[in-house]
Structures are given as C-alpha cells and as structure tokens.
Protein chains: 2
Amino acid sequence: MKAYADRSREELLEELREVEGRYEALKGRGLSLNMARGKPGTEQLDLNRPMMDLLRGDSDYLCDGMDVRNYGNLEGLPSCRRLFGELLGVAPENVFVGGNSSLQLMYDTVAKAYTHGLLHSEKPWAKLDCVRWLCPAPGYDRHFNISASFGMEMITVPMTPEGPDMDRVEELIRDPAVKGMWCVPKYSNPDGIVYSNETVRRIAAMKPAAPDFLLMWDNAYCVHEFEGEYLPFPDILGECEKAGSADMVFEFASTSKITFPGAGVSAFACSENNMAYMKKLLNAQIISYDKVNQLRHVRYLKDKEGVLALMKRHAEILRPKFHCVLDTLDREIAPLGIASWQRPVGGYFVSVNTLPGLAKRTLELCREAGVTMTGAGATFPYGKDPKDSNIRIAPSYPTVGELQQAMDIFCICLKLAALEQCK
Amino acid sequence: MKAYADRSREELLEELREVEGRYEALKGRGLSLNMARGKPGTEQLDLNRPMMDLLRGDSDYLCDGMDVRNYGNLEGLPSCRRLFGELLGVAPENVFVGGNSSLQLMYDTVAKAYTHGLLHSEKPWAKLDCVRWLCPAPGYDRHFNISASFGMEMITVPMTPEGPDMDRVEELIRDPAVKGMWCVPKYSNPDGIVYSNETVRRIAAMKPAAPDFLLMWDNAYCVHEFEGEYLPFPDILGECEKAGSADMVFEFASTSKITFPGAGVSAFACSENNMAYMKKLLNAQIISYDKVNQLRHVRYLKDKEGVLALMKRHAEILRPKFHCVLDTLDREIAPLGIASWQRPVGGYFVSVNTLPGLAKRTLELCREAGVTMTGAGATFPYGKDPKDSNIRIAPSYPTVGELQQAMDIFCICLKLAALEQCK
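Residues numbered from 1 in each chain as written. Chains lettered and ligands numbered in written order. Predicted model: local features only at pLDDT ≥ 70, side-chain atom pairs only at ≥ 80, totals over all residues. Heavy atoms only, no water.

1. Regarding the environment of A:Trp182
Residue and element names in this part refer to chain A.
For step 1, the next point in the chain: Within the element layout of this structure, Trp182 appears in strand 8 (residues 178–183).
For step 2, the next point in the chain: Once the C-alpha coordinates of Trp182 and His143 are considered, the two residues, 39 residues apart in sequence, prove to be 7.0 Å apart.
For step 3, the next point in the chain: For Trp182, the side chain forms a polar contact with the main-chain oxygen of His143, separated by 3.3 Å.
For step 4, the next point in the chain: For Trp182, the side chain forms a polar contact with the side chain of Ser147, separated by 2.9 Å. (Helix = DSSP H or I, 4+ residues; strand = E, 2+ residues; numbered from the N terminus. Polar contact = N/O pair within 3.5 Å; in protein donor to acceptor, adjacent residues only side chain to side chain.)

Structure below.
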C-alpha cells in the first residue's frame, strides 16, 4: 500500500471510488455503534458482583467505631481514607472521601474558589474580572466544560510526550490572572501519556504569580494499566511540599473505573491546611457523603494489592479492545500516512491525530454510518481543535465484535475524508 | 406545685437548695447523653435491613432500559423520579434525584445562584453587593449555616402557629435585595409546626421585587408523622404555578429519615424551565448521582404506600421517645410556668421556649452534667436567639431509658437556671 501523498491523481480517484462504494454499503447496514465515552463495558461491571454481597447483617455496618448508616464524619470513613491514601501514596489525613463522582469534587473545588476563595485567595474569584486557566490539550472535555461553565479564559498548552509543555507553562504562570491548570498525570485523557518525573518535578516547582494558583491533579487512571505491570507514580502532594508549595495542589481519584462508573467512591487529597479550610466550607454543604458505599468498597477492595489484582482483571477485558483499535489502525491507516496515534498502555482512550482538517469530516461520516464518537474538537478548550485533527477513540464499551465493525467504519471514513480533501 | 412566679423568696430559695442538691448528685454520675441532633436511632436503621439484600444478580441492575451501575442519566433513574414525584405530589419530569444529601442539593442550588445566577437573575449573586434572605425562626441551623457561608444578610421572620408571619414576609419581599427564604412546611424544624393551607397559598402568591427570588421549600418531614395518620400537604409547585410564579420555588426531600441518614437518596422538584436550566448547569458538575442506590430505594420502598407503611414502623419507635419528652416536661416543668413547648405529631424535635434569658444557662448546666443538646441560639440566624429562650430537643437517637435520664437532667437544669435568675 502506498501513502496517499505518494499516489497519482488517478490512483487517488480510483481509491476514492472504491472507498465510497464501501462506505455506502456500510451506511446501508443501519448500524448503531458507540465509541464516544470512556464507559466501562458490562463485562467489567459484572466483575464487581461480589461487592454487593458484603453488607448484610446489621453489625456489618459498624466500622471505625461508627454506624456508617447514620449521619456524621464529613471527611469520610477512616478506612476508606486509608485505602485512597495507600493508592495515591499519601497519608489518610490528607484524604477526603466523597460521593460517586470525582468530577463533582473537582467542580466543587473550583466553585468554592469562586464563591469563597481558596486558602490563599485575596478574594473570591467571582469578584475578579478575569480568571485565566491552563488547559493542556488535547485534554479531557469535562475539565474544559467546568472551566467554560465558570466563564474562565482557557489557555491551550500543547501536550508533549512527557506531559504539558513546561516551558510554555512556566511562562504563562507569570500572569497573576492565571489561576490554575488541569492535569491528568497518568494515562492522560485522551493521549494516554504518562507525565515524566521531570515534568512532575517542574510542575511541583512552579512559582505562579497567583498566590492561590490551583493545580487540579486528576489522577483518574492512577492504577489503570491494561498492558504490562502497574506503573508507580510520584506523589504530587509530597513533590509540592518539597518545593515549598504544599497548598497549591488538589489531587483527585475515584473507583469509577475500578468498581462502578455510576456508583463508585471518589476522593480528593490535599495539604493539611487545605483540608482544614475545605472542611470548614464543606461543613455547610453536606453532613457526610455515603459512608455505606465507602465501607462496601473498603470491604471489597481491601487495600492497594486488592485494587491492583482487580485491575488485572479489567485489563484482560480491555486489552483485546485496545488491540483491536490499534491493530486496525496499523493495518488500514498507518501505510496511508494520513494519521498518527499514541500507543497507550493504560487509561481509556486512543488519541488519533489526522492530517489537518480531517477530524470533523471523519466524525460526520462516522455519524452518518451509525458510529458515534466523541465530538470533534471536544478535546480542546472551547471545543475548537485549531488543526481539526484530534479524534478520541473510546474502545471500552462495545464488545470486540462491535468494536471491529466500528473501527472498520472509522477507517473507511477517515480514508474518505482524506481522499475528499486531496481530490 | 406552685408556679415559680407565685412563690415567695423563701420558697424559691428552698427549691433552689433542693434542685442544686439533685443537680450535683446527677453531675457526679458522669453521664454522657446526647439530644443534640435529629439523628435516627439504631433501631430505626435496622428496620431497613431488607433494602440491602435486593440487588444481587447482574440483571438486577437493569432498570428503565439502562444498567444503573454505569454512567449516565443526570436527572436520576426514571423510577426514582416517579417515586419522589408520588411522595411530593408532582410529575416525575419535575423531579431531579440526587445523592445522599438534600442539604447538598440545597447548598448547590444557592451556590449556582451565586456563581451562575438563577433562571431569572440579571447577574450571578456573587456580583451583587448585598443579598438578603428571609429566615423564619426558630428554624433549621443548617439552613442558616448555608446563608451564613455565602455571606447573606439574614432577616429573622417570626414563626406563628400557622407558619412564617406572612404579613412580615409580604412587607420584606418588597426589597429587591431580598432574594429568598427558607421554609420547612411540614413539621418545621424545630417547632413541628405544619404551615396552614392559607399560609402556603400566601407564600405561593408572593410577588417579590427580586425577579429571581428563591423559595427554598425543604419538605424534609413530608411523610414523617409519629402520631396519628399521614397528613396530606399542598403541592407547592402547583400552588406557585397557579399563582403565576412556577419558577420561584425549589422543593427538597430525602429518604435520610426514611431509610438511612447517611446513605439515603435526595431529590429536588422544580418547574420545567428551572429543570432545563439546572440540568444545563449540573451537566458540568456531575455525570449522574448514584443510580444503584436510587434503584435500591425504588425496589425497597416501591411507592408512596410502601413509604407510608415504613413510616408507621418508624413512628412506633419514635412515639415513646416523644412521649417521654413531653410527659416529663408536662410533669416537671408545666406547673412551674417557666417554659412552654409545642406538641408536634411529626418531625424530629420538641421546641421548648423558656422564660427569657434561660436557654444558654440551661444548656450550660446540661453540658456540665453530661447531656449534649443543640447549642443555644442555633435555631436563629447568626446563632443569636434575641430572647435567649429557644431550646431544641432531639429525642430520636437515645433509647427511651437514656432519654428519661437526659430529660430528668434537662428539667433540673432548666429549674436551676430559672431559680438562679429569680434569686
């Protein structure tokens, strides 16, 4: 197979005719396939059936000297703080355990910066004319949605294979209006990049002009290898403390992709000063999050070892799906020179970068053929991919059979978009 | 027994000596009793054991065409919206089902008014110099804490046996800076007052100067009779709609005192316009609340009839506790003319009003004798009871035996405080 760039006009037209024919045939099949969201598949959910059988008798609800069914313990069940502490490599005292959504904890942290200010804020951000925010991109659309919802001015920071472009970041944080930054340090969404230790060190060592700069460290995929062994990661709280900026960072994690996406447990970790400050504010908001579900998770997962053993079983389900995506791309697209992609070993996505100007059209063609993908541009601030190039593939939800169909269609759509362009 | 007011100085001094003696003896016992919070007792929690056995096999998680374990359905499980709709007398489409805390839903509604503004706001409240808020008092301390946390200027509105003093309310809402009002319409916290239909009608008919006036209708005790039959209540959404102000009200409820205080399900109900507006904002905050717990509640409670049957069983546990409190007050305090109290038939509190200036001292004496009560003043804005008179008794958590001990101590402390004053 020759790269499209090396083909003659005649060859391209012939290829276009052939690909168009195949596309029309597939469109006629009336398929409905979804690779839009990082949603675990049913087989993964079924792994956790035993979790729901652990709390039975009334005495099962006694833990850490309390009846978890009743009110109380704002910061979460001590055993569950310990579990997250072990996963993140921080002390239990630095952990606050929340409800089923780490996104909610992130939103609420930002919301409190706006309504009350953070520990080192001069005033609530709602009183400021302008809040700027660093968005390494491609990144997680729901992070950008939070920033957009609060009317932040989002500044795109390019991603490198080592993490965010730190030269750029170090320059941007000299602006006191730059108040924070989104980070997914391990298996970044969507690229699957693991921040290098040097990048993490530079991030922790940042000296932003804003005294209340908020480093949002979304460690969503901290134990989410689908290939190979568990990869240890630096403790960002410790790194920030070493650099003299213990209060700069909030780290987030959840069991959404360990147990149940809709009924897991989330947590944030922060310095002791931040914990005291946030607890004072949170005390007006909620008496405590669901400690029964926290206990259910503790009894089921037990400790880091228990979590890692479960993640191996998730990996076995996810691995063939990622292989299907990558193999199909390797076979169908690689020789044509019209796109490149990362080869992640963890996380939930494959990030494809097409030649400029092809992403929107490719996804439009996919949609018409019954394949739903994350919207083009979603991985960039304001939903605007400057090169119209990045496409996020989420292989976790469909079965391998469905995925193969969806990838076949995706590859045809991508080819078609490329051929239309050089026509 | 003669009222203290009718006794001679000698009689009072003799009574003081006697009561002091009994107080010192009780203090020596080193008791530790708690009547501080409206916290259900263990026996009540144990009623709900069957709820935890309902979700077992993987297919149990399929409901309303979805796998409740996975992401999705921001507004909650349709079956659970139906359940709350039936309880509140509103359509399921008007119900949003949240997590384990209606307090959180209330806080978040207020927070969104500050960060984004409400549907009819000219701008986010954070941009306003002054937000005033109506606080019928005595009222719920956690409501006032939310107002205080956002820096609202709280205006106390007196409670009458029919609900808030509506003459006063109608006067106050002419001020466009008055942006909202807390209400607990059925078995108000702490008085146990049920708003009269006329009061509810007048509230719904309010025409506040603020276009984005927020009526916070916390129907926390909507099915919480401990004496007699279920008392139907007017649907505030319908009443507001009839009065042409459908968007003025958010109603809140939860199963915290139906199933588990720390692991129940909460909901808000509002107009369709408000629902669309809030869903747009909430979409940035959370993907969905815990639908597994929502389903667990639906399977267990089934419908309004199921809830009312369960509430009868709670009533059987609570009734002797309330009788213990009221009987002891009737016997020990009524003849002395030093306090009066409501006789609620639902809710979680007995509200005692002492002669002016006795509340703080009574609770100080209680604390020294090992009885913890809600702090004096807590039922008023800024924690300041102008008459230092209101004391909230929460009888639900202790056993009847413990409660009798605690009430004996309470009565002695109240007498002692009264005698010290007229000494």
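2. Focus on the sheet that holds strand 12 (residues 339–341) of chain B
All names here are of chain B.
For step 1, the next point in the chain: With antiparallel pairing, the three strands of this open sheet are ordered in space as 12-13-15. With partners counted over all chains shown, the strands left at the sheet margins are strand 12 and strand 15 (390–393), one partner each. For this sheet the average axis-to-axis angle between neighbouring strands, irrespective of direction, equals 25°.
For step 2, the next point in the chain: Pairing geometry for strand 13 (residues 350–354) and strand 15, over four bridges, is antiparallel. Residue Asn353 lies in a different strand from strand 15, and its bridge partner there is Asn390. (Pairing = 2+ DSSP bridges. Axes fitted to C-alpha atoms, helices over the stretch in contact; angles between N-to-C directions.)

3. Section: the sheet that holds strand 4 (residues 95–97) of chain A
Residues and elements named next belong to chain A.
For step 1, the next point in the chain: Pairing is mixed in the open sheet, where eight strands are placed in the order 4-11-10-9-8-5-6-7. This sheet does not close on itself; its edge strands, each paired only once, are strand 4 and strand 7 (163–164).
For step 2, the next point in the chain: Sheet topology note: the strand 4/strand 11 (residues 266–269) ladder contains three bridges and is antiparallel. The partner of Phe96 across the bridge, within strand 11, is Phe268.
For step 3, the next point in the chain: Of the strands in this sheet, strand 4, strand 10 (249–254) and strand 11 are in contact with helix 9 (residues 272–282), which crosses strand 4 at around 25°. (Contact = heavy atoms within 4.5 Å.)

4. Some thoughts on the interface of chain A and chain B
For step 1, the next point in the chain: If you look at the interface, chain A gives 58 residues, while chain B gives 58 residues.
For step 2, the next point in the chain: Here chain A and chain B share an interface that buries about 4800 Å² over both sides, 49% of which is from carbon and sulfur atoms.
For step 3, the next point in the chain: The tally of links between chain A and chain B comes to four salt bridges.
For step 4, the next point in the chain: The residue B:Arg69 makes a salt bridge to A:Asp46 at a minimum N-O spacing of 2.9 Å. (Buried area = accessible area lost by both parts, 1.4 Å probe. Salt bridge = Lys/Arg side-chain N within 4 Å of Asp/Glu carboxyl O.)

5. Notes on the packing of helix 3 (residues 78–88) of chain A against helix 10 (residues 291–301) of chain A
Relative placement of two packed helices is described by the angle separating their axes and the distance separating the axes.
Residues and elements named next belong to chain A.
For step 1, the next point in the chain: Close contact between helix 3 and helix 10 brings their axes to 9 Å; oriented N to C, the two are set at 55°. Comparing the axis directions of helix 3 and helix 10 gives the class oblique. The hand of the helix 3/helix 10 crossing is left-handed. Residues Ser79, Cys80 and Leu83 of helix 3 lie in contact with helix 10, whose contacting residues are Gln294, His297, Val298 and Leu301. (Parallel < 35°, antiparallel > 145°, perpendicular 65-115°, else oblique. Left-handed = near helix turned anticlockwise from the far one by under 90°.)

6. So, the packing of aromatic side chains
For step 1, the next point in the chain: Applying the stated criterion across every chain yields a total of 26 aromatic pairs over all chains.
For step 2, the next point in the chain: Aromatic pair B:Phe96 and B:Tyr289: ring centres 6.1 Å apart, planes at 90°, arrangement edge-to-face. In this pair, B:Phe96 is assigned in strand 4 (residues 95–97) and B:Tyr289 in the loop between helix 9 (272–282) and helix 10 (291–301), connecting sequence segments 193 residues apart. As far as the burial class goes, B:Phe96 and B:Tyr289 line up, both buried.
For step 3, the next point in the chain: Seen in terms of ring centroids, B:Tyr107 and B:Phe150 are 5.0 Å apart; in terms of plane orientation they differ by 50°. Their pairing is tilted. Within this pair, whereas B:Tyr107 is found in helix 4 (residues 102–115), its partner B:Phe150 is found in the loop between helix 5 (141–149) and strand 6 (153–160), the two being separated by 43 residues in sequence.
For step 4, the next point in the chain: Through pairs of rings, three or more aromatic residues link up here, namely A:Tyr107, A:Tyr114, A:Trp125, A:Trp133, A:Phe150 and A:Trp182. (Phe/Tyr/Trp six-rings, centres within 6.5 Å; stacked < 30°, edge-to-face > 60°. Buried < 20%, exposed > 50% of the residue type's maximum accessible area, 1.4 Å probe, protein only.)

7. Remarks on the relation of the copies chain A and chain B
For step 1, the next point in the chain: With an axial shift of 0.0 Å and an RMSD of 0.0 Å, the rotation relating chain A to chain B amounts to 180°. What the superposition gives is, in effect, a two-fold axis relating one chain to the other. For chain A, the residue whose C-alpha comes nearest the rotation axis is A:Ala126, separated from it by 3.0 Å. (Least-squares fit on C-alpha atoms with pLDDT ≥ 70 in both.)

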